[in-house]
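Secondary and tertiary structure notes
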Amino acid sequence: GGHYGYIEDNSSSAQLENNLFDYYATWGWSEIDNHFPQCKTFILPVPAFSEKNLQKDLSYKKINTHDILFLSNKIHRFAQVATSGQSRIDFIEEYMSLIEEFMSECRKRKYMVLHKLFDSKTKYLLNDFFHSLKDTNKKYYSIYETNEKGLTNNILSKANIILWDQIGTGTLQCFTSNIPTMVLWKRIYSRESKSAFKLVDALERTGVIHRTNKSLLDQYDIYQKDRVKWMHNEERILSIKNFCEKYSKTDANWQKIWYKKFNSFFD
């Protein structure tokens, strides 16, 4: 899923999983860092994303109640063994600063933000912080109260664009379903692997990934002026397509491909 192959030093997965397998089915990647346990990889399309069960044009062909739906990562209560990809408790100050600074800029521009927290544990852990955000930003900040996990058509209908704080599974789902999305990726607790650098760089150059609030919100201004034009920008579409080909491969005939591949192990 998300993080695999393109997040540098994703040790929590590699150290725990690779030793268990002779073969590892991936979403498109094949490289395993030399310092991790090794196994043979083979590529298969992602069944859930290949079905494309989200409404592609739901979020950008109409005006929604909020400008931005922000889906932030979870905060683990205790420090994790993982060295990357996890928003551990020791990054809590940077995590809060990211959200505070982002909301300050949104408030100045009068953008309405709906924040969907990763889970109830994150909300409980930082309850005072989220209350403070509400008090400071008034009508420009609200929390989406739901127990729904991940993306649904109902959630997508709440805002004009989806925002993430790193490229995770939900981001890949947006990419493959043509859902308008951006990433405010400040590399606090994760960064791209060397093998993914060129593909991530292309996403930055086409306004999908951003390192600063200003860059992100300037791009949102462009998106707002003509959403259809932004979504149909050929360079942007190609950058997403190339990234997904390597890290979130889809195919309408995924069942036949899976069947043929697994049968080949018994030939």
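It should be emphasised that the depicted structure is a prediction, and the values quoted were computed from it without experimental measurement. All residue numbers refer to positions counted from 1 along the written sequence of the respective chain. Two thresholds apply to this predicted model, a pLDDT of at least 70 for residue-level local features and 80 or more for giving and counting side-chain atom pairs, whereas whole-chain, interface and lining totals are computed over all residues. Water and hydrogen atoms play no part in the side-chain values, which are based on all heavy atoms of the structure.

1. Considering the pairing of strand β3 (residues 66–71)
Rule in force here: Per-residue accessibility, obtained with a 1.4 Å probe over protein chains only, is compared with the maximum for each type, and a residue is labelled buried under 20%, exposed over 50%, and partly exposed between these values. Segments assigned H or I by DSSP are reported as helices when at least four residues long, segments assigned E as strands when at least two residues long, and all are numbered from the N terminus. At least two DSSP bridges between two strands are needed for those strands to be called paired.
Burial analysis of β3 places six of its six residues in the buried class, the great majority of the element. Bridging between β3 and strand β6 (residues 159–164) involves five bridges; their strand directions are parallel. When the bridges of β6 are listed, H66 appears paired with A159. Relative to strand β4 (residues 113–116), β3 is paired through four bridges, and the arrangement is parallel.

2. Considerations on the environment of R107
Tracing the backbone through its elements, the reader meets R107 in helix α3 (residues 92–109). Distance in space between the C-alpha atoms of R107 and Y140 is 6.1 Å, their sequence separation being 33 residues.

3. A look at the packing of aromatic side chains
The cut-off we apply is this: Centre distance within 6.5 Å is the pairing criterion for rings of Phe, Tyr and Trp, where only the six-membered ring of Trp is used; planes under 30 degrees apart are then read as stacked, over 60 as edge-to-face, and the remainder as tilted. A ring is considered to have a charge above it if a Lys NZ or an Arg CZ atom is located within 6 Å of its centre and within 35 degrees of its normal.
Using the criterion set out here, one finds 22 aromatic pairs in the structure. Between Y23 and F42, the ring centres sit 6.5 Å apart and the planes meet at 65°, which makes this aromatic pair edge-to-face. With Y23 in strand β1 (residues 23–26) and F42 in strand β2 (residues 40–43), this residue pair connects regions lying 19 residues apart in the sequence. Every member of this aromatic cluster is reached through a ring pair, and the members are Y23, F42, W254, W258, F262 and F265. Sitting over the face of the ring of W185, R187 holds its NZ or CZ atom 4.3 Å from the ring centroid.

4. Concerning the sheet that holds β4
The strands making up a sheet associate through backbone hydrogen bonding, with each pair oriented either parallel or antiparallel. The six strands lie next to each other as β5-β4-β3-β6-β7-β8, forming an open sheet whose pairing is parallel. The open sheet terminates on both sides in strands that have one partner only, identified here as β5 (141–143) and β8 (209–210). Judged from the three bridges that link them, β4 and β5 form a sheet pairing that is parallel. Counterpart to H115 in the pairing with β5 is I143.

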